Amino acid sequence: MVRDLRYACRTFRRHKLTAVIGILTLGLGIGGATAVFSVVNTVVLQPLPFANADRLLRVWQTTPAGERFSFSDADFLDLQMQRGALAASAAYREIGTTMVIGGDIGPQRVAAIAISASMVEVLGVQPALGRLFSADEDRPRGERRVVLSDRLWRTRFAGDAGVLGRPVVLDGAAHVVTGVMPATFDFPAGADAWVPLRANPLRDRDDHELAVVARLAPGATLAAAQDELRALASRLGQAHASTNAGWGIDAAPLSEWVVPPRFRDALWVLLGAVALLLLLACTNVANLLVAHAATRHNEMRVRAAIGAGRWRLVRQLFTEAALLASIGTALGVLIAIWSIDAVRVFGAGRIPRIEELRIDAVMLAVASSAGVVSCLLFGIAPALHGAAMGLGRLTDDGSRSTAGHRRVRQSLIVVEVALALLLLVGAGLLGTSFVRLIGVDHGFDAGGVLTMPIELPPAYNETRVIPFYAAVIDRIRVLPGVEAVAATSTNPFRQFGFSNTVTPEERAADAPPTGLLQAGWRSVTPDFFRALRIPLRRGRTFTDSDLASAPHVVVVSQSLADRLWPGGDPIGQRIFWGGTTGTPRTVVGVTGDILDVRLDAEVAPMLFVPHAQVDLPAMTVIIRSSLDAAAMAPALRDVLRQTDASLPPADVEALVTSRDAASAGQRFNFWLLTAFAAIAFALAVSGVYAMLAFSVAERRREVAVRLALGASARAIISLFFANGVKLAALGVTIGTLAALAVTRLIASVLYDVTPTDGPTFIAAAGSLMIAAAIASYVPVRRAMRADPISILRQ
């Protein structure tokens, strides 16, 4: 074996080009497959970093229309009393979760999440230092406590263990530090600190702000838990008909919420694509080694003539393939390491659990396995056929391959083209989907708009919120380059919006107590529509006279108007907002529909209310400016500092940046699969070219004889050209049939395009056929320039 290995090294030193191409091709395939599998393993296959993570559930309330919704405080406390299939439940507040931490080094905004004391019991995680807050501290009037994340503890408090018991100012109020969580704990993702939830049973059940997680009791099943939750929802609907009638409660595994099914599907698609790429790389290397073995037929025959048997010849050739696979695997590991570092940086904030991605034994085992499998895939055919040639007739002078040998190479070409077509079709479908996604009309003009989210602390009571935002808007309005400025309750493309029920006054008597129709809503200042250039269909938008003391008004989107008053005039109509009682609001305007959360969402009904009448403390200032974010940011932060120096600096971002971030996942899938497809395309074309070039080279004397006997150049070209095109056509046909079946698996990650989109299939097949035709023509044309007499003399 050692002699075989030494001889393999000498062989590759003599044929450096073959070795380099084979190693690079394998390294690229193995590296890509290993990197993508590492991401899939971390994000999808590995359990969440909690004790018995498969027993954890994410629990939602569901609206009468079946939409998942957050819990209210009172409903969550009722859920906590539920015993049976659920061992325990916990909650954290989804809305308004960031706080300002004070201190000598200035204010800093941190994600301080309000969680219930039962969170440790549910997740099975204990603080690394100290303790979590107690049940008494989690009551509405409990003492203020805070638990720090490992990240905040090390950066803000220099990892000082003496921080326990120290007071920390959050949103102007002193909180005592009771613990520090482990570095591995990151729930919900991005949290810097945790404070007591202090759920209040007296809060309105219409205020849905809590995300709920639960743990299944030993022996309980998800189905049993869902049955109990439905029964609980029914009891709440009967006991609190005005707020809970028609609402349900549902649960799903927590892992499916942390990594949504759509994202899981996208990762499986990428893993499938990179597996095809690895298979294509192996096919290409096998073709390379088959051609390389064909040039060594005399060597193999000499070995056989002096006594080498089939196993001895196979072992030598397979040793060479194993050496190539070993070096290619080592290169693949390096490529995987570089790729993982890049994915970790690029995927931060975009890919769930990406911070857990590591270079570990699993990654090395996958790379080694890929290397072994690759060696088997591309090493067997050359070894068997090389040995077969060695045992062939010694009277054969070796000037041409056997028909069986040519069939092996031709079969590999067909496989390459078919695999390349699969990847080209996949990339084409994702590309079409991505282009249509970014071309979606979201109902407003994002160009030239800047966003500056602001979250006011609890110290800002109802009398201070509106004057604060009025002062900020007035100061920004006079800055150079500002065309319009307003504020909205939803940071476009950066956070989820609010929703509530809407009921026309005339239909309230027949509507469910909870309301007729669920619709999104935004609290906005008067210039909001002008700043985003949202078209006004009829009526008016808000003015400075729409104050809290003025009649309550509302502007509705076109889709909401069509749902509530089909064919009628909504202007002047009155609606109940949330339930079917209370003070109705008068519709004063109708605007175009907008998509400001997800680009791939369906247009949903929406209404707008004046901020002066719904004075939320957390708003995003929208600035239409002729200057970019970098130029405007210092002036905007100065305005915030002038208005309230205790607030931390705000982030200023171009709205188009937020919009692009909303499509980052689709963009990542598209570009990665496009890269795979480009590599596959290059491998397939180079494979066709190499096969034809080798075929022409080994039949050069036949070409010379044909020319000498009077064959025309067109006839010679047609002989070889037709062979290459036929092989490509066969590969395209097989690949098309496979793609028609396989692309249905990626339907969930496509937007506005079907998995069997005809133009995409035609474009992929046409590009491969054109490239294969060129690759078939070039080597034959080059052979025609050779002198037949010189070839015959040789």
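Scoring rules and cut-offs
- Residues numbered from 1 in each chain as written.
- Predicted model: local features only at pLDDT ≥ 70, side-chain atom pairs only at ≥ 80, totals over all residues.
- Heavy atoms only, no water.
- Helix = DSSP H or I, 4+ residues; strand = E, 2+ residues; numbered from the N terminus.
- Buried < 20%, exposed > 50% of the residue type's maximum accessible area, 1.4 Å probe, protein only.
- Contact = heavy atoms within 4.5 Å.
- Areas by Shrake-Rupley, 256 points an atom, 1.4 Å probe, with all protein chains shown as cover.
- Axes fitted to C-alpha atoms, helices over the stretch in contact; angles between N-to-C directions.
- Parallel < 35°, antiparallel > 145°, perpendicular 65-115°, else oblique.
- Left-handed = near helix turned anticlockwise from the far one by under 90°.
- Nonpolar A, V, L, I, M, F, W, Y, C, P; charged D, E, K, R; others polar.
- Salt bridge = Lys/Arg side-chain N within 4 Å of Asp/Glu carboxyl O.
- Phe/Tyr/Trp six-rings, centres within 6.5 Å; stacked < 30°, edge-to-face > 60°.
- Lys NZ or Arg CZ within 6 Å of the ring centre and 35° of its normal.
- Pairing = 2+ DSSP bridges.
- Patch = residues over 30% accessible without salt bridge, like charges linked within 9 Å, V, L, I, M, F, W, Y side chains within 5 Å.
- Polar contact = N/O pair within 3.5 Å; in protein donor to acceptor, adjacent residues only side chain to side chain.
- pLDDT = per-residue confidence, 0-100.
- Expected span 1.5 Å × (residues − 1).
- Arc of directions from axis to C-beta.

A. Main features of the overall build of the protein. Broken down by element type, the protein carries 23 helices and 24 strands. Out of the 794 residues belonging to the protein, those deemed buried represent 52%. Contacts spanning at least 24 positions in sequence make up 81% of the contacts within the protein whose residues lie at least 6 apart. Summed over its atoms, the accessible surface of the protein is roughly 34500 Å², and 59% of this surface lies on carbon and sulfur atoms.

B. Main features of the packing of helix α14 (residues 462-477) against helix α17 (residues 629-643). The interhelical angle for the contact between α14 and α17, taken along N-to-C directions, is 140°, at an axis separation of 10 Å. On the basis of their axis angle, the class for α14 and α17 is oblique. Helix-helix and strand crossings are classified by hand; for α14 and α17 the assignment is right-handed. When α14 is examined against α17, the residues Phe468, Ala471, Val472, Arg475 and Ile476 are found in contact with a partner set consisting of Leu636, Val639, Leu640, Gln642 and Thr643. In the contact of α14 with α17, the residues fall into 7 nonpolar, 2 polar and 1 charged.

C. Here's a closer look at the pattern of salt bridges. A full pass over the atoms with the stated rule returns 27 salt bridges. Between Asp73 and Arg93 there is a salt bridge whose closest N-O contact spans 3.6 Å. Of this pair, Asp73 sits in helix α3 (residues 73-80) while Arg93 is found in strand β4 (residues 86-93), placing the two residues 20 residues apart along the sequence. Comparing Asp73 with Arg93, the two get one shared label, buried. Between Arg166 and Asp160 there is a salt bridge, with the nearest N and O atoms lying 2.9 Å from each other. Relative accessible area serves as the criterion here: at 31%, Arg166 is assigned to the partly exposed category. The class of Asp160 is partly exposed, set by a relative accessible area of 33%. One connected set of salt bridges, linked through shared partners, spans Asp73, Arg93, Arg203, Asp207 and Glu209.

D. A look at the packing of aromatic side chains. This structure, assessed with the given rule, holds 15 aromatic pairs. Geometrically, the ring pair formed by Phe528 and Phe608 is tilted, given 5.9 Å between the ring centres and 45° between the ring planes. With Phe528 in helix α15 (residues 528-532) and Phe608 in strand β22 (residues 606-610), this residue pair connects regions lying 80 residues apart in the sequence. Members of the aromatic cluster, joined through ring pairs, are Phe50, Tyr92, Phe185, Phe187, Trp194 and Trp257. Just above the ring of Trp60 sits the side chain of Arg68; from NZ or CZ to the centre is 3.9 Å. Cation over ring: Arg464 sits above Tyr460, and NZ or CZ is 4.0 Å from the ring centre.

E. A look at the pairing of strand β1 (residues 56-62). The element β1 is extensively covered by neighbouring structure, given that 7 of its 7 residues are classed as buried. Side chains of β1 alternate between two faces, with Leu56, Arg58, Trp60 and Thr62 and Leu57, Val59 and Gln61 buried alike. Pairing of β1 with strand β12 (residues 208-216) involves 4 bridges; the strand directions are antiparallel. Residue pairing for β12: Leu56 is matched across the bridge by Arg215. Relative to strand β13 (residues 248-253), β1 is paired through 6 bridges, and the arrangement is antiparallel. Each bridged residue has a counterpart across the sheet, and for Arg58 the counterpart in β13 is Ala252. In this structure, β1 lies alongside strand β2 (residues 68-69), joined through 2 bridges in antiparallel fashion.

F. Quick look at a nonpolar patch on the surface. A grouping of Ile770, Ile774, Tyr777 and Val778 is seen on the molecular surface, where their side chains present a nonpolar patch of about 360 Å² in accessible area. Looking at where Ile770 falls in the secondary structure, it is placed in helix α22 (residues 758-784). Ile770 gets classed as exposed once you look at its relative accessible area, which sits at 55%.

G. Representation of the environment of Ile622 within the structure. With respect to the secondary-structure elements, Ile622 resides in strand β23 (residues 618-625). Ile622 sits in the buried class, given a relative accessible area of 0%. Expressed as a C-alpha distance, the spacing of Ile622 and Leu655, which sit 33 residues apart in the sequence, is 8.8 Å.

H. Just the side chain of Thr760, in detail. Relative to the helices and strands, Thr760 is located in helix α22. Dropping the residues within four chain positions of it, Thr760 is found in contact with Val425, Gly428, Leu429 and Thr432.

I. Here's a closer look at the side chain of Asp546. Summarising the element assignment, Asp546 is placed in the loop between β18 (536-539) and β19 (553-557). Relative accessible area serves as the criterion here: at 6%, Asp546 is assigned to the buried category. Within polar-contact distance, the side chain of Asp546 engages the side chain of Arg540 at 3.1 Å. Not counting residues within four places of it along the chain, the set of residues in contact with Asp546 comprises Arg540, Thr541, Val553, Pro610, Ala612 and Gln613.

J. Quick peek at unusual backbone geometry. The omega torsion across Phe187 and Pro188 is -15°, close enough to zero to call that bond cis. Even without glycine at this site, Arg533 takes up a positive phi of about 55°. In this structure, Arg533 sits in the loop between α15 and β18. Here Arg533 falls in the partly exposed class, since its relative accessible area comes to 46%. In this model, Asp752 sits at a positive phi of 60°, which is unusual for a non-glycine residue. On the basis of relative accessible area, Asp752 is assigned to the exposed category, the value being 55%.

K. Region of interest: the pairing of β4. Burial analysis of β4 places 7 of its 8 residues in the buried class, the great majority of the element. Summarising the sheet, β4 and β12 pair through 7 bridges and their orientation is antiparallel. Each bridged residue has a counterpart across the sheet, and for Ala90 the counterpart in β12 is Val213.

L. Up close: the confidence of the model for the protein. For the protein, the average pLDDT comes to 82, and 85% of its residues sit at 70 or higher. Confidence drops under a pLDDT of 50 for residues 393-401, and excluding neighbours within four residues, the segment shows 17 contacts in the predicted structure.

M. Geometry of α17. In a regular helix each residue adds 1.5 Å, so 15 residues correspond to 21 Å; α17 covers 20 Å between its end C-alpha atoms and thus fits that length. Every buried residue of α17 is listed here: Ala629, Met632, Ala633, Leu636, Val639 and Leu640. Projected down its long axis, α17 shows its buried positions confined to an angular sector of 130°, all on one face. What points out from α17, more than 90 degrees from its buried face, is the exposed set Ala630 and Gln642. On its buried face, α17 sits against β14 (449-455), α14, β15 (482-488), β23 and β24 (653-654).

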